[in-house]
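# Structure assessment
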Amino acid sequence: CTVIFTRLATRDLHKPISILFCNLAVSDLFTSFSGFWISMLFITNPDITIFGSKDMLAPYALYTTSILSTIYNLVSIGIERYLAVAKSMRTRFRVARNHSIAVVFISWVLAFFLGCLPLMGWNCLQAERSVSVLYSPFCVNYLIFIAVPSVVLAFVVPLFTYLRIIIILRKRKLRMQACGQATGTYKSAESQVARTSISIWLLALVSYAPFFAGVIFDAANQRCHVDLYPGAYIFRNCTATLITITCLGNPLLYTLKLRTLGAKLKALRCSANRVRACTI
């Protein structure tokens, strides 16, 4: 909420990256609300969160939608940062405000469609054979369908984009050295991007890897709910806690350092113009 109110109060939403940051905060807010909804259901009627019920479809669907939206936002931010750094080197494409709005719209439509599939009929309220043990009444095949692509996106795409940014910065630093110019800005930007990208990747790994492991466990498990109580459900609660920690960590990683990152990128663009002039 602080991130959203700050963005609206400073009128900084004309920047493409600010739109993505604000949308990420909205996704995290939805994740927190849906997680709170599930927690209240567990407090009032814990059996339905263990054995499954029709009442769990809506909160689980909202929870899935918000998590998918968060993952899509993280991927979009990584791609936008890559284009912001690389545009002066290899591409003339510039991310505009309309592009960010379109990305936000597409992300939410896709997240809502995939997240609400159980409400449209892809659930195991009637079929007990393929029901998920940890997330009843979701089906195991549905969890695999949304978990595998999402985990690949959350791990591979940000890792690739931020590694490419570091490589580009290093190449520019070498060109600046060849021109006999100072490279302090590139060294500082390279180290900052490296620290931020490692933090982003580790946060995603710690947060979503246990959930993915739980889905794999669900697919390989042949035992019933009672046999797995309480250990498996303690693990499920821990995965939900880690995802909530991600919602708290995102503002620290993306928002509080935005001004510093913006200043670095502005300095890099000015330096890139000097590099092209030197090359010519």
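Residues numbered from 1 in each chain as written. Predicted model: local features only at pLDDT ≥ 70, side-chain atom pairs only at ≥ 80, totals over all residues. Heavy atoms only, no water.

## Here's the deal with the packing of aromatic side chains
- One pass over the structure, following the stated rule, counts eight aromatic pairs.
- Joined through ring pairs, the aromatic side chains of Tyr-60, Trp-122, Tyr-135, Phe-138, Tyr-142, Phe-145 and Phe-211 make up one cluster. (Phe/Tyr/Trp six-rings, centres within 6.5 Å; stacked < 30°, edge-to-face > 60°.)

## Focus on the UniProt feature "transmembrane region" (unreviewed entry) in the protein
- Residues annotated in UniProt with the feature "transmembrane region" (unreviewed entry) correspond here to residues 17–40, 60–79, 100–122, 142–167, 200–220 and 232–256.
- The span residues 100–122 is 70% helix and 0% strand, and its two end C-alpha atoms sit 31 Å from each other.
- The straight-line gap between the two end C-alpha atoms of residues 142–167 is 38 Å; of that span, 100% is helix and 0% is strand. (UniProt positions renumbered as here; feature names shortened; annotations may be inferred. Helix = DSSP H or I, 4+ residues; strand = E, 2+ residues; numbered from the N terminus.)

## Side note on helix α5 (residues 97–115)
- If you check α5, its first and last C-alpha atoms are 27 Å apart, about what 19 residues at 1.5 Å a residue would give, namely 27 Å.
- All of the buried residues in α5 are Ser-100, Val-104, Ser-107, Trp-108, Ala-111, Leu-114 and Gly-115. End-on, the buried residues of α5 take up no more than an arc of 140 degrees, which puts them together on one face. In this structure, α5 carries Asn-98, Phe-105 and Ile-106 as exposed residues pointing more than 90 degrees from its buried face. (Expected span 1.5 Å × (residues − 1). Buried < 20%, exposed > 50% of the residue type's maximum accessible area, 1.4 Å probe, protein only. Arc of directions from axis to C-beta.)

## As for the layout of surface pockets
- Its volume calculated, the second largest pocket comes out at about 520 Å³.
- Along the wall of the second largest pocket there are 30 residues; nearest its centre are Ile-38, Tyr-63, Tyr-135, Arg-236 and Ala-240.
- At the level of elements, α2 (16–44), α4 (57–86), α6 (140–178), α7 (184–220) and α9 (231–255) are the ones that each hand at least two residues to the lining of the second largest pocket.
- Taken together, the residues of the lining of the second largest pocket break down into 18 nonpolar, eleven polar and one charged. (1 Å grid on protein atoms, 1.4 Å probe; cavity = no way out; pocket = protein on both sides within 12 Å on 5 of 7 lines; lining within 4 Å. Points joined across faces, edges and corners; volume = space filled by probe spheres on them. Nonpolar A, V, L, I, M, F, W, Y, C, P; charged D, E, K, R; others polar.)

## Comments concerning the state of the cysteines
- The final tally for this structure, using the stated rule, is one disulfide.
- Across the disulfide from Cys-124 sits Cys-139; the S-S distance is 2.1 Å. As the torsion about the S-S bond is roughly 125 degrees, the Cys-124-Cys-139 disulfide counts as right-handed. With a gap of 15 residues between them, Cys-124 in the loop between α5 and α6 and Cys-139 in the loop between α5 and α6 connect regions that are remote in the sequence. Like Cys-139, Cys-124 is buried. (Disulfide = S-S within 2.5 Å.)

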